[in-house]
Protein chains: 6
Amino acid sequence: MSDKSTQLLRIGLPKGSLQEPTMDLFNRAGYNIIAHSRSYRPSVDDKELEIRLLRAQEIGRYVDLGFLDCGITGRDWIAENGADVEVVADLRYSKATSLPTRWVLVVPEDSPIKTVQDLQGKRIATEAMGLTKTYLEKHGVQADIEFSWGATEVKVPELVDAIVDITETGSSLRANKLRIVDTLMESYPQFVSSKAAYLDPWKRKKMERLALLLNGALEARYKVGLKLNLPEHKLEAMLHQLPSLRRPTISHLAGGGWVAVETIIDESVVREIIPELKALGAEGIIEYPLNKVVH
Amino acid sequence: MSDKSTQLLRIGLPKGSLQEPTMDLFNRAGYNIIAHSRSYRPSVDDKELEIRLLRAQEIGRYVDLGFLDCGITGRDWIAENGADVEVVADLRYSKATSLPTRWVLVVPEDSPIKTVQDLQGKRIATEAMGLTKTYLEKHGVQADIEFSWGATEVKVPELVDAIVDITETGSSLRANKLRIVDTLMESYPQFVSSKAAYLDPWKRKKMERLALLLNGALEARYKVGLKLNLPEHKLEAMLHQLPSLRRPTISHLAGGGWVAVETIIDESVVREIIPELKALGAEGIIEYPLNKVVH
Amino acid sequence: MSDKSTQLLRIGLPKGSLQEPTMDLFNRAGYNIIAHSRSYRPSVDDKELEIRLLRAQEIGRYVDLGFLDCGITGRDWIAENGADVEVVADLRYSKATSLPTRWVLVVPEDSPIKTVQDLQGKRIATEAMGLTKTYLEKHGVQADIEFSWGATEVKVPELVDAIVDITETGSSLRANKLRIVDTLMESYPQFVSSKAAYLDPWKRKKMERLALLLNGALEARYKVGLKLNLPEHKLEAMLHQLPSLRRPTISHLAGGGWVAVETIIDESVVREIIPELKALGAEGIIEYPLNKVVH
Amino acid sequence: MSDKSTQLLRIGLPKGSLQEPTMDLFNRAGYNIIAHSRSYRPSVDDKELEIRLLRAQEIGRYVDLGFLDCGITGRDWIAENGADVEVVADLRYSKATSLPTRWVLVVPEDSPIKTVQDLQGKRIATEAMGLTKTYLEKHGVQADIEFSWGATEVKVPELVDAIVDITETGSSLRANKLRIVDTLMESYPQFVSSKAAYLDPWKRKKMERLALLLNGALEARYKVGLKLNLPEHKLEAMLHQLPSLRRPTISHLAGGGWVAVETIIDESVVREIIPELKALGAEGIIEYPLNKVVH
Amino acid sequence: MSDKSTQLLRIGLPKGSLQEPTMDLFNRAGYNIIAHSRSYRPSVDDKELEIRLLRAQEIGRYVDLGFLDCGITGRDWIAENGADVEVVADLRYSKATSLPTRWVLVVPEDSPIKTVQDLQGKRIATEAMGLTKTYLEKHGVQADIEFSWGATEVKVPELVDAIVDITETGSSLRANKLRIVDTLMESYPQFVSSKAAYLDPWKRKKMERLALLLNGALEARYKVGLKLNLPEHKLEAMLHQLPSLRRPTISHLAGGGWVAVETIIDESVVREIIPELKALGAEGIIEYPLNKVVH
Amino acid sequence: MSDKSTQLLRIGLPKGSLQEPTMDLFNRAGYNIIAHSRSYRPSVDDKELEIRLLRAQEIGRYVDLGFLDCGITGRDWIAENGADVEVVADLRYSKATSLPTRWVLVVPEDSPIKTVQDLQGKRIATEAMGLTKTYLEKHGVQADIEFSWGATEVKVPELVDAIVDITETGSSLRANKLRIVDTLMESYPQFVSSKAAYLDPWKRKKMERLALLLNGALEARYKVGLKLNLPEHKLEAMLHQLPSLRRPTISHLAGGGWVAVETIIDESVVREIIPELKALGAEGIIEYPLNKVVH
């Protein structure tokens with residue numbers, strides 16, 4: 001029998017650069033979160049949820065310690081903290097693009113350092129000391145690692161020989177005339193649970209439903225609905241030429257000879273497919289937006 | 001026969017905190033209103049409409065006097081002014097939330113005042129002197145009521161014993177360590193008409209069509225479209241378990257054994273229903289946004 | 001055989017007031033353009049496209065000279081520069097409204113100048129010296145034309161007798177107490193190609209597909225999807241009374257007696273049609289947004 | 001003997017458009033006021049002062065009632081409320097300019113109303129019902145006066161025949177094509193005291209010192225220091241020609257034949273005086289800014 | 001005899017990047033200019049002045065034509081327009097720094113163009129077609145010059161071979177990897193008069209007084225007042241070591257042995273002088289700001 | 001002999017909340033620092049200075065290591081890092097107020113923790129792990145200290161038992177219902193030098209001159225100049241009653257009987273002194289602002 005106190009899931013969400021996209025994702029999943037001025041405890045229109053806003057760097061630690069049942073944070077910080085948690089779902093969104101973020105070993109463009117081996121005896125600045133230490137140990141390299149409080153990319157070559165920093169597209173690094181030597185880790189947000197919460201049936205079910213809706217909202221971001229009418233005899237050609245139109249719903253139009261086709265496709269292929277459809281004789285092609293897609 | 005001059009409906013819309021959501025509602029209803037720098041007379045792409053932007057406090061008065069045919073303003077200010085008007089439609093939207101606003105009698109948390117009776121001989125500040133006077137008379141209480149020009153909530157307890165103020169969620173009152181003693185009135189926007197305009201057949205029809213569209217847009221804010229495919233033998237279970245899926249459109253998919261289900265539901269229940277549908281074996285669940293819903 | 005270098009289309013897009021709506025149009029057509037700090041070379045997620053951001057005034061010239069394969073710019077500046085280019089497509093969008101922009105001959109409200117003939121021997125300021133010269137020659141009028149570096153509308157009557165300036169709605173001219181004497185030209189954006197690119201089969205096909213998608217996105221801006229259920233016996237009445245519901249998709253609902261009707265219509269007529277449909281007995285009327293419409 | 005509780009002066013300062021210039025004036029007078037988020041009780045670095053921020057409209061009332069010892073508010077609102085207070089000092093500053101604000105009777109440019117007598121039986125909107133009533137009574141005119149909640153200037157001629165509104169320069173009225181018929185009152189901030197506080201010696205002295213410093217800071221806004229060297233034999237000519245150089249400090253320079261002149265003058269006459277001084281043979285003319293001037 | 005209409009000086013001031021520093025300079029010179037929404041005719045608190053805000057490019061032309069008596073604009077645009085005007089005063093201020101602006105011939109860093117001679121037969125873009133033409137003619141070089149509507153610096157090398165553009169510090173050019181080949185002209189604001197106004201005694205005197213005050217305010221920007229006390233026997237050493245302390249005012253302090261020294265010096269040398277003074281034994285060194293300095 | 005390379009002083013200045021006041025202080029000291037977009041290396045108009053912008057947390061470390069000759073950073077971070085540096089000067093300015101910042105041990109208002117001894121076995125979050133560890137060791141207390149990545153104040157009591165955080169006025173702590181148990185350290189900016197730079201005569205002299213000017217500018221912030229005329233026979237009374245008028249410059253006015261008094265005093269006492277001076281019979285009291293004060 002579950003009493004009231006077990007029917008509460010305490011979840012940590014990340015402050016900072018991931019906060020806005022995370023709030024937006026919850027909103028599209030159907031959860032309205034209102035951040036108050038003292039933003040640590042936002043309210044949400046689900047009485048079974050209790051939200052805490054914390055730095056992404058710390059969420060893994062507090063889930064591991066059991067102060068939070070679960071949380072959303074980067075795969076990188078879970079590793080950095082060595083947090084012992086269960087992964088409920090991968091949520092591949094990010095701050096600006098849909099690319100994963102990467103932790104990379106970076107040196108000035110004209111540095112003599114070409115591989116990790118060249119770091120022997122050098123000085124490295126980074127916000128992720130744990131990741132960097134593990135990486136150097138794996139390669140049998142010894143170097144001075146110092147914690148960077150920010151603006152890491154300006155420190156080479158004057159203050160350190162190399163840095164380990166985060167990047168999405170690498171364009172900021174290129175603008176600073178820096179060169180990537182190696183990638184230590186790819187990262188993206190993960191929905192993680194404490195061991196204890198994962199074993200509690202009510203909490204686990206609650207987390208899985210939440211993951212289903214978050215993924216449904218995430219998927220819909222990059223998909224659209226497509227409808228069109230096609231001469232019936234072109235149907236086979238269409239299905240043959242356009243395999244990305246997977247499993248469309250096809251219905252026969254009154255009057256004969258034409259079919260209505262409806263499907264969900266990746267937004268990124270629409271610009272290739274519409275001209276092909278038009279060339280096949282399709283008419284009345286419309287594209288419409290989606291809120292959620294659950295397969 | 002109606003000549004050109006009778007085919008014009010003059011409507012007052014509220015300035016201030018309701019202006020933005022009102023403009024947005026008209027826009028979604030299909031009316032593009034452009035506010036010029038001298039914002040009293042915005043233009044609109046309907047030659048039969050003439051818009052005036054006025055304070056919500058004054059619209060009821062000018063509709064009653066016949067200077068305007070109709071207007072949208074709070075139910076509270078209609079009562080405060082004692083305006084003698086016809087209600088064309090309730091429009092339950094508000095500034096920030098979907099909650100009605102309330103006029104409440106408020107005192108400091110630690111005030112000895114527990115009921116309206118304790119106000120006898122006290123001093124009360126409010127922007128709504130008419131509402132407050134009526135309320136006190138109803139309860140047989142005599143007190144000094146003074147008009148507050150703003151920032152009413154800071155005046156207790158130093159300058160007055162109690163205030164009558166407006167609130168949506170009460171959170172601002174709690175932050176100021178105030179306590180609600182009683183609720184005088186719930187309010188929300190109303191579309192009201194002058195007596196004369198209501199008797200004019202052209203104006204009345206125009207107002208009713210406008211109300212239909214405004215309500216259609218308002219309704220669509222909280223609803224979404226839902227489509228999914230379901231094994232045919234689960235259809236009955238679905239309709240039984242999920243009564244909120246009212247009157248779905250069901251069509252049989254080619255190939256047999258599966259049905260396509262489409263319906264309109266409240267956005268707030270989607271997060272409950274999608275996991276249930278998934279558990280029933282539904283596939284290809286998509287949710288899409290709506291502009292208008294007219295039953 | 002087309003090698004890599006021919007499979008690149010270099011397109012000029014306008015900076016300034018048309019930049020935002022142009023970026024937005026490409027985005028809705030499926031192209032994500034990211035402007036960097038040095039905004040001349042934005043990146044785009046299509047490796048076959050190379051974008052240059054230039055002043056609308058100059059794009060026609062550089063397309064004509066062959067430095068760009070194609071570009072989007074105003075019909076006015078193409079004429080002003082006398083650029084010899086091919087028109088791939090008209091794209092009737094603009095800065096603020098959906099109106100075309102116009103180049104107009106303007107004088108102070110109380111000026112004695114009533115027609116172009118009255119300009120004989122006068123002084124005219126304009127940014128479009130070519131258009132103005134052509135126009136005066138056509139009317140056999142001789143006048144001093146001087147290049148205006150901006151804020152043209154303040155120069156009459158103190159510094160010049162008349163101006164030739166651009167306007168969308170004319171409201172800014174009226175606010176400045178100016179009067180329009182004549183319209184020299186209507187303008188809107190055009191997608192234009194150099195003669196050489198137009199003869200290159202790969203480039204031409206690429207431009208035509210791009211035009212198809214841009215027009216699809218443009219069309220969708222002013223259209224919506226409409227669905228409704230109607231008693232079957234009212235179907236004929238509906239099609240008769242509401243001709244703007246062109247070629248709806250009609251399907252019979254299970255249970256008999258009702259049909260489901262779905263169509264795409266202009267957003268601007270929805271507000272007229274919904275009340276009519278309601279009066280005909282329609283139920284479950286919903287309107288939904290579209291991303292693209294390709295006939 | 002004055003105990004601790006009497007050594008506290010409670011002063012009301014105006015919120016809104018006068019708040020910023022009032023805070024600035026106190027700051028230049030040497031009082032640092034820090035407004036907190038709940039802005040009713042700002043803190044100040046003088047333990048003998050307790051500040052309350054209130055609407056200018058209400059300060060006179062609360063000083064009169066004795067809830068505040070004193071306050072700064074407009075002369076207009078003191079009159080409007082009929083507040084019975086003592087004037088400690090006039091403080092002639094304002095929101096934007098150094099002009100007094102005026103309450104004026106205003107009609108549309110083309111209104112037939114030419115004098116107050118023409119208002120007989122008309123409708124007037126105003127925020128200052130008391131001032132307007134008194135004014136009409138004085139002229140023996142009867143008219144409907146209605147309280148305006150704001151944007152008063154847009155109401156003529158559609159909703160009312162005339163308005164009584166506030167203006168500094170009249171330019172906003174001219175822009176709205178309105179005409180001033182009469183001036184009801186000139187206003188500027190006043191430092192007022194309750195009758196009781198005025199009789200308390202400690203409070204009165206405290207208020208007078210405060211008034212001295214506020215006036216010193218106010219005066220310095222429009223004055224500058226001027227220093228120059230002049231051939232001794234031109235001194236008489238200078239004093240004769242430039243009477244606004246009142247009572248300069250004159251000292252003889254070493255080396256003979258020249259005097260150093262130093263004085264404080266109105267900033268507005270500097271631009272007239274410097275060329276005259278230069279013409280008289282003055283050298284090394286410098287102008288420097290002042291914080292306070294106390295005669 | 002000068003009647004009222006001749007006692008008006010019409011002056012053109014530059015809009016755009018020079019507008020703010022020009023308004024600021026007038027303000028410090030003692031003229032309060034208030035820009036209205038229709039910014040062409042700002043008002044000023046001197047009834048003898050009438051101000052017009054125009055593009056810097058056009059002011060020389062309108063002064064030359066006599067539509068304006070005088071104006072402030074760049075020396076460059078006066079030359080570009082070939083305006084035939086009198087220079088009343090040089091006013092060496094600029095947008096951001098105190099450096100003059102320069103028109104420079106610019107190419108990409110790696111361009112083969114090393115001298116103006118290498119431009120033979122090339123294409124050059126510029127906003128200053130007159131300056132560029134004159135410059136090329138002087139060097140006997142023939143090239144295509146095209147008018148650039150803006151963002152000139154992005155056009156090399158893709159669209160043109162070289163540009164003639166404006167720069168203050170050259171840092172923006174370096175950031176764009178461009179190289180300066182030659183300087184065509186140095187520029188700074190000038191106060192210029194029409195030939196006719198220069199011959200009118202009243203206008204000329206008015207302009208000269210205005211120039212005196214503008215220069216006084218300009219000078220004060222880079223100067224400060226300095227006071228200090230010094231042992232009398234160090235006076236000679238001070239005057240010897242610190243020649244930039246030109247002509248100080250020296251007075252003997254009561255008590256003997258010390259002198260008070262006061263002078264006006266360039267702000268830029270204060271940081272060198274104060275430590276020297278301190279080393280000489282100076283005490284009570286204070287530096288204070290100035291509004292105007294007229295020698 | 002000092003060659004060019006030794007005549008360069010490399011100084012680290014703090015980014016973040018101290019950046020703006022530090023830039024402002026240098027500016028008033030006579031150094032114009034221009035921050036570029038890549039803000040690590042701002043330029044300065046002194047060729048002997050090379051500035052690096054770094055986090056306050058890191059400056060001590062890099063000065064100690066000799067990568068920087070000197071730097072300005074908080075006394076707290078020097079201690080936290082255990083940086084072995086020389087203190088050139090204390091610079092008592094701060095972000096918002098003139099108060100020193102304090103590192104305080106903080107608990108919830110209703111926590112049972114009353115003294116540092118109560119922390120035995122508890123969990124503490126802080127950004128300053130070194131300071132906290134040293135403090136606990138000094139008191140013989142053992143506790144878990146965890147690094148806080150930010151928003152430390154929200155973590156009690158849910159995630160930790162106490163925090164060690166920074167505060168200026170304590171008002172933010174009070175607003176969060178937290179209680180200060182103890183103060184670990186007071187902090188303010190210090191100008192620190194590496195051991196090596198301190199031994200280099202040129203660098204040391206350069207640093208001392210810089211410190212002199214920074215302190216001169218800092219002092220001037222809180223001081224003003226005061227001038228007044230006084231009847232000669234009141235002079236002694238003035239000097240007796242107003243000891244804060246330390247060492248005024250007194251000169252006899254022509255005409256006899258009056259003296260001119262000039263001095264520099266703390267701005268905070270002016271408001272007390274002016275009314276006293278006025279009461280003594282002083283006239284022409286003026287207060288003027290200062291840029292620098294060097295005793």
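Conventions and cut-offs
Residues numbered from 1 in each chain as written. Chains lettered and ligands numbered in written order. Predicted model: local features only at pLDDT ≥ 70, side-chain atom pairs only at ≥ 80, totals over all residues. Heavy atoms only, no water. Helix = DSSP H or I, 4+ residues; strand = E, 2+ residues; numbered from the N terminus. Buried < 20%, exposed > 50% of the residue type's maximum accessible area, 1.4 Å probe, protein only. Contact = heavy atoms within 4.5 Å. Areas by Shrake-Rupley, 256 points an atom, 1.4 Å probe, with all protein chains shown as cover. Lys, Arg positive; Asp, Glu negative; His and termini not counted. Charge placed at Lys NZ, Arg CZ, Asp CG, Glu CD. Buried area = accessible area lost by both parts, 1.4 Å probe. Salt bridge = Lys/Arg side-chain N within 4 Å of Asp/Glu carboxyl O. Polar contact = N/O pair within 3.5 Å; in protein donor to acceptor, adjacent residues only side chain to side chain. Nonpolar A, V, L, I, M, F, W, Y, C, P; charged D, E, K, R; others polar. Pairing = 2+ DSSP bridges. Axes fitted to C-alpha atoms, helices over the stretch in contact; angles between N-to-C directions. Least-squares fit on C-alpha atoms with pLDDT ≥ 70 in both.

Draft legend 1. Expanded view of the overall build of chain A. The helix and strand tally for chain A stands at nine helices and 17 strands. If one aligns the C-alpha atoms of chain A with their principal axes, the spans along those axes are about 80 × 60 × 35 Å. Buried residues in chain A amount to 52% of all 295 residues. Taking all contacts inside chain A whose residues are at least 6 apart in sequence as the whole, residues at least 24 apart take part in 70%. Carbon and sulfur atoms provide 49% of the accessible area of chain A, an area that totals close to 13,000 Å². Considering chain A, the positive charge centre built from 38 side chains and the negative charge centre built from 41 side chains are found 3 Å apart.

Draft legend 2. A look at the interface of chain A and chain B. Taken residue by residue, the interface counts 21 residues in chain A and 17 residues in chain B. Taken together, both faces of the contact between chain A and chain B bury some 1,700 Å²; the carbon and sulfur share is 51%. Here chain A and chain B share five salt bridges between them. Across the pair Glu276(B) and Arg209(A) runs a salt bridge whose closest N-O atoms are separated by 3.5 Å. Between chain A and chain B we count 10 residue pairs in polar contact (both at pLDDT 80 or more) in total. Secondary structure elements with two or more residues in the side of chain A that touches chain B: helix 7 (201-221), strand 15 (258-266), strand 16 (283-289) and strand 17 (292-294) of chain A. Considering only residue class, the side of chain A that touches chain B consists of 10 nonpolar, four polar and seven charged.

Draft legend 3. Representation of the sheet that holds strand 8 (residues 123-126) of chain E. Residue and element names in this part refer to chain E. With respect to topology, five strands assemble into an open sheet ordered 9-8-10-7-11, the strand pairing being mixed. Two strands bound the open sheet, and with one partner strand each, they are strand 9 (144-147) and strand 11 (178-187). Mean inter-strand twist for the sheet, computed between neighbouring axes without regard to direction, equals 25°. As defined by bridge partners, strand 8 adjoins strand 9 across four bridges and the pair is classed as parallel. By the bridge assignment, Ile124 is partnered in strand 9 with Ile145. Helix-sheet contacts for helix 4 (residues 129-138) involve strand 7 (101-108), strand 8, strand 9, strand 10 (162-167) and strand 11, and the interaxial angle to strand 9 is about 170°.

Draft legend 4. Looking closely at the relation of the copies chain A and chain B. Turning chain A through 120° and shifting it by 0.0 Å along the axis lays it on chain B, with an RMSD of 0.1 Å. On this basis, the relationship between the two copies can be described by a three-fold rotation axis. Of the C-alpha atoms belonging to chain A, the one lying closest to the rotation axis is found on Pro289(A), 4.2 Å away. In this assembly, only 14% of the residues forming the interface of chain A have copies in chain B that are likewise at the interface, indicating a heterologous arrangement.

Draft legend 5. Spotlight on the arrangement of the chains. There is a gap between chain A and chain D: no contact, and a shortest C-alpha distance of 11 Å. Nothing in chain C touches chain F, and the closest approach of their C-alpha atoms is 11 Å.

All quantities given are derived from atomic positions and should not be read as evidence of function.
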